[in-house]
Amino acid sequence: MTQTKERRMKYISVALLRKEFGLSLLKASTLISEQRAVASRRHRMLGGTAAACTFAAGASDIFDLHWPKALSASLWLAGIALVFVYLHLVHRDLHDPIFAAACSAAGTVD
């Protein structure tokens, strides 16, 4: 397995960045939070759609809107599926930018 594929499978944590690149605690946590914010902004529309579907389905039950059961169930299913897709895309988009930023911060070329 190549090194890039191995890295994609790892969960990126502050401890991992400190161990692999020798970064300080503050620098490693700052890198992760900055890249997480960028990835979240990149997929903001998908997250908003997922939230809207989930909230609409919840509102139909809470406020007793008398929507057909199929519509309410479809909204729940679509909302939950979109939430998982959103989380997967954000997590997938975090790996390479974090490792690239860590390499440049540590002064190493990978």
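Small disclaimer: the values here were computed from a predicted structure and weren't measured.

Caption draft 1: Looking closely at helix α4 (residues 44-62). Taking 1.5 Å as the rise per residue, α4 with 19 residues should run 27 Å; its terminal C-alpha atoms sit 26 Å apart, in good agreement. Buried within α4 are the following residues: G47, A50, C53, T54, A57, G58 and S60. Contacts from the buried residues of α4 go to α5 (69-106). Remark: D64 follows α4 within two positions and exhibits a positive phi of approximately 50°.

Caption draft 2: Summary view of the packing of helix α2 (residues 14-21) against α5. Close contact between α2 and α5 brings their axes to 11 Å; oriented N to C, the two are set at 40°. One way to sum up the angle between α2 and α5 is to call them oblique. For the pair α2 and α5, the sense of crossing is right-handed. The residues of α5 that touch α2, namely those facing L16, L17, E20 and F21, are I98, F99, A102, C103 and A106. Taken together, the residues of the contact of α2 with α5 sort by class into eight nonpolar, no polar and one charged.

Caption draft 3: Fine view of α2. Residues of α2 that are buried: L16, L17 and F21. All buried residues of α2 lie within an arc of 95° about the axis, which places them on one face of the element. Exposed and facing more than 90 degrees away from the buried side of α2 are A15 and K19. Directly beyond the C-terminal end of α2, a positive phi value near 70° is found at G22.

Caption draft 4: Seen up close, the environment of L26. As for its position among the elements, L26 is in helix α3 (residues 25-42). Separated by 12 residues in sequence, L26 and V14 place their C-alpha atoms 8.9 Å apart.

Caption draft 5: Seen up close, the environment of Y11. Mapping Y11 onto the fold places it in the loop between α1 (3-9) and α2. Classification of Y11 by relative accessible area gives exposed; the value is 62%. Note: C-alpha distance between Y11 and H95 (84 residues apart in sequence) is 8.6 Å. Contacts of Y11, omitting those with residues within four sequence positions, involve L16 and H91.

Caption draft 6: Region of the structure containing unusual backbone geometry. Of note, the phi angle at D64 is positive, near 50°, even though the residue is not glycine. Here D64 lies in the loop between α4 and α5. One non-glycine residue, H66, lies in the positive phi region at around 60°. Relative to the helices and strands, H66 resides in the loop between α4 and α5. Given the relative accessible area of 66%, H66 is considered exposed.

Rules used throughout
Sequence order as written defines the numbering, with residues in each chain counted from 1. In keeping with the predicted nature of the model, local features appear solely for residues at pLDDT of at least 70, side-chain atom pairs appear and are counted solely at 80 or more, and the whole-chain, interface and lining totals rest on all residues. Each side-chain value is derived from all of the structure's non-hydrogen atoms; neither hydrogens nor water enter the calculation. For the purposes of this entry, the term helix denotes a DSSP run of H or I that reaches at least four residues, the term strand denotes a run of E that reaches at least two, and both are numbered from the N terminus. In this analysis, the expected span of each helix is defined as 1.5 Å times one less than the number of residues it contains. Throughout this description, buried means an accessible area under 20% of the type-specific maximum (1.4 Å probe, protein chains only), exposed means over 50%, and partly exposed covers the range between. Should any heavy atoms of two residues lie within 4.5 Å, those residues are considered in contact. Throughout, an axis means a line fitted to C-alpha atoms (over the contacting stretch in the case of helices), and angles, computed between N-to-C directions, take values from 0 to 180 degrees. Should an angle fall under 35 degrees it is called roughly parallel, over 145 degrees roughly antiparallel, and 65 to 115 degrees roughly perpendicular, with every other angle called oblique. With the far helix as reference, a near helix turned anticlockwise by less than a right angle produces a left-handed crossing, and one turned clockwise produces a right-handed crossing. All amino acids are sorted into three groups, where Ala, Val, Leu, Ile, Met, Phe, Trp, Tyr, Cys and Pro are nonpolar, Asp, Glu, Lys and Arg are charged, and the leftover types, Gly among them, are polar. As used here, the arc is the angular range of directions from the helix axis to the C-beta atoms.

Purely geometric numbers; function is a separate question.
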